[in-house]
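Coordinates in review
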Amino acid sequence: MGASELFNLFKGEYVTEFGVGAFAGYAAGFVLKRAAQVVIFTVGCLFVGMQVMANHGYVTVHWDRIELAWKSQFDTNHDGKIDSDDMNMQYEQVVKVLESGVPGAGGFTAGFLLGLRS
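Quick summary incoming for the structure in this document. Computed from a predicted model, the values in this text were never measured in an experiment.

Rules behind the numbers
- Residues numbered from 1 in each chain as written.
- Predicted model: local features only at pLDDT ≥ 70, side-chain atom pairs only at ≥ 80, totals over all residues.
- Heavy atoms only, no water.
- Phe/Tyr/Trp six-rings, centres within 6.5 Å; stacked < 30°, edge-to-face > 60°.
- Helix = DSSP H or I, 4+ residues; strand = E, 2+ residues; numbered from the N terminus.
- Buried < 20%, exposed > 50% of the residue type's maximum accessible area, 1.4 Å probe, protein only.
- Salt bridge = Lys/Arg side-chain N within 4 Å of Asp/Glu carboxyl O.
- Expected span 1.5 Å × (residues − 1).
- Arc of directions from axis to C-beta.

1. Let's talk about the packing of aromatic side chains
By convention here, two paired aromatic rings are described through the distance between centres and the angle between planes. The full count for this structure, using the stated rule, is 5 aromatic pairs. Ring centres of Y91 and F112 lie 6.1 Å apart, and the angle between their planes is 40°; this geometry places the pair in the tilted category. One end of the pair, Y91, is in helix α4 (residues 84–99); the other, F112, is in helix α5 (residues 105–117), with 21 residues separating them in the sequence. Judged by its relative accessible area of 32%, Y91 falls in the partly exposed class. Here a set of aromatic residues connected by ring pairs shows up, and it is made of Y91, F108 and F112.

2. Some words on the pattern of salt bridges
Under the definition given, this model contains 1 salt bridge. Its salt-bridge partner being K71, residue E67 comes within 3.6 Å of it at the nearest N-O pair. Of this pair, E67 and K71 both sit in helix α3 (residues 63–74), 4 residues apart, roughly one helical turn. Classification of E67 by relative accessible area gives partly exposed; the value is 45%.

3. Some remarks on α5
Owing to its 3.6 residues per turn, the α-helix aligns residues three or four sequence positions apart on the same side. Under the 1.5 Å per step criterion, the end-to-end length of α5 is 18 Å for 13 residues, consistent within 8% with the ideal 18 Å. Every buried residue of α5 is listed here: G107, F108, G111, F112 and G115. All buried residues of α5 lie within an arc of 135° about the axis, which places them on one face of the element. Along α5, exposed side chains directed more than 90 degrees from the buried face belong to G106, L114 and R117.

Nothing here speaks to function; it is all geometry.
In structure tokens, the structure reads:
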């Protein structure tokens, strides 16, 4: 394969598809990261508020029930603990849903990772 054939391979629709997928992936990763930060901040504020109210005797928090609810929601491989394997499975599910039907899925994944890091 000569240089001109290689150039023709990359100048058409492949580059456009990769670029569209990369841009969409970057945007999705950027938005998902910002949304996750808002959710984490909100959960942290709720936790602090509940602890303060429980410490002053206004409410009783049943942490055992909360732990069961979280485990049932986030233990995706059902091994009884929430660990990095669960996080990887959830990440793969999110990427699978987001890149579904997007042209240039490889570009989408690369852009998504860049968006998460920005």
